[in-house]
Amino acid sequence: MIKDILNTMTQDDFENQKFILNLNNFLGMAMLKTYAGGGMEVNSKEEGFRELEYKDGDFYYKDSFGGHRQSWGREVVWYKDKPVWSQLYGRGMEKKYQNDKKFTHETFDFLKKAMSAGEKKEMFQPRGPTEYIEGDWKYEARWTGNIERFLGHEDILYKSEVVFTHDFFGGFYRSKLE
């Protein structure tokens, strides 16, 4: 899949369109192979956190999050063992639904479907698509920026009522100048 990766990672690589396209492609696959795709969890070194990982070539992805009905998490991508991109996200079920275990489970199942939808590998999509509808369920995401720096919000609505929200932001890491 990702065969033509740059041989070295310099500050200029962040500006390199080929690297950005490869990173975006990798992010799309990582999301589909981990949380959105029901990927296997790995042992977390942090108490109370759950983690999912994906590796392809020189790229390595980790999604680490704590909580359930209300959760906060962080996705990080490393390239050649150096962190290059990250996203932080959090919030969760609206308060009135937090104690409804069955409904919470249905909401998270729908979130995984929404996050799997859209074209993640061809265009930057930090979470799910801008809109995804299935029956009484609706997913909406809005963000500003691009893969280099972005800020956004997602909602899940059931029968036109917001039942779940997340805020998210992220972008590139910039190494210190030497």
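Residues numbered from 1 in each chain as written. Predicted model: local features only at pLDDT ≥ 70, side-chain atom pairs only at ≥ 80, totals over all residues. Heavy atoms only, no water.

Novice: Would you mind going over helix α1 (residues 17-33) with me for this structure?
Specialist: An α-helical segment advances 3.6 residues per turn. Residues three or four places apart therefore align on the same side. The end-to-end C-alpha distance of α1 is 24 Å, a good match for the 24 Å that 17 residues give at a rise of 1.5 Å each. Most of α1 sits out of view: 12 of its 17 residues are buried. The set of residues buried in α1 consists of F19, I20, N22, L23, N24, N25, F26, L27, G28, M29, A30 and M31. Against β2 (49-56), β3 (59-67), β4 (70-79), β5 (82-93), α2 (101-116) and β9 (161-172) lie the buried residues of α1. (Helix = DSSP H or I, 4+ residues; strand = E, 2+ residues; numbered from the N terminus. Expected span 1.5 Å × (residues − 1). Buried < 20%, exposed > 50% of the residue type's maximum accessible area, 1.4 Å probe, protein only. Contact = heavy atoms within 4.5 Å.)

Novice: Would you mind going over the pattern of salt bridges with me for this structure?
Specialist: Opposite charge on two side chains makes pairing possible when the charged atoms of those side chains draw close. Within this structure, the stated rule accounts for 12 salt bridges. K102 is the salt-bridge partner of E106, the closest N and O atoms lying 2.6 Å from each other. Note that E106 and K102 are positioned in helix α2 at a spacing of four residues, about one turn of the helix. For E140, the salt bridge is made with K138, and the minimal N-O distance between the two is 3.1 Å. (Salt bridge = Lys/Arg side-chain N within 4 Å of Asp/Glu carboxyl O.)

Novice: What is the right way to look at the pairing of strand β6 (residues 131-134) in this model?
Specialist: Within a regular beta strand, the side chains point alternately toward one face of the sheet and then the other, so they alternate between its two faces. With four bridges connecting them, β6 and strand β7 (residues 137-146) associate as antiparallel partners. If you follow Y132 over to β7, its bridge partner there is Y139. Remark: two residues form the turn of the hairpin made by β6 and β7, two consecutive strands paired antiparallel; G135 in that turn has positive phi of roughly 60 degrees. (Pairing = 2+ DSSP bridges.)

Novice: What should I look at first to understand the pairing of strand β8 (residues 149-158) in this one?
Specialist: Extensive coverage of β8 is indicated by the burial of seven of its 10 residues. Judged from the 10 bridges that link them, β7 and β8 form a sheet pairing that is antiparallel. Its bridge partner lying in β8, N146 is registered against R149. Following β7, the chain reverses through two residues before pairing antiparallel with β8. Of the strand pairs in this sheet, β8 and β9 are connected by 10 bridges, and their pairing is antiparallel. Residue pairing for β9: L157 is matched across the bridge by V162. Joining the antiparallel neighbours β8 and β9 is a turn of two residues, in which K159 adopts a positive phi near 50 degrees.

Novice: Would you explain the sheet that holds β5 in this entry?
Specialist: Strand pairs in the sheet, formed through backbone hydrogen bonds, run parallel or antiparallel to each other. The nine strands are arranged β1-β2-β3-β4-β5-β9-β8-β7-β6 in an open sheet whose pairing can be described as antiparallel. Looking at the sheet topology across the chains shown, the edges are occupied by β1 (41-42) and β6. Across nine bridges, β3 lies against β4 in antiparallel orientation. In the sheet register, S64 faces β4, and the bridge partner there is R74. Against the sheet, α1 contacts β2, β3, β4, β5 and β9, and its axis sits at roughly 45 degrees relative to β3. Along the sheet, α2 contacts β5, β6, β7, β8 and β9; its crossing angle with β7, the most-contacted strand, is approximately 50 degrees. (Axes fitted to C-alpha atoms, helices over the stretch in contact; angles between N-to-C directions.)

Novice: Looking at this structure, how should I read α2?
Specialist: Taking 1.5 Å of rise per residue, the 16 residues of α2 would be expected to cover 22 Å, and the 23 Å separating its terminal C-alpha atoms lies within 8% of that figure. Taken together, the buried positions of α2 are F103, T104, T107, F108, F110, L111, A114 and M115. Taken around the axis of α2, the buried residues stretch over an arc of 160 degrees, which confines them to a single face. For α2, the exposed residues lying more than 90 degrees away from the buried face are K101 and K102. The elements touched by buried residues of α2 are α1, β5, β6, β7, β8 and β9. (Arc of directions from axis to C-beta.)

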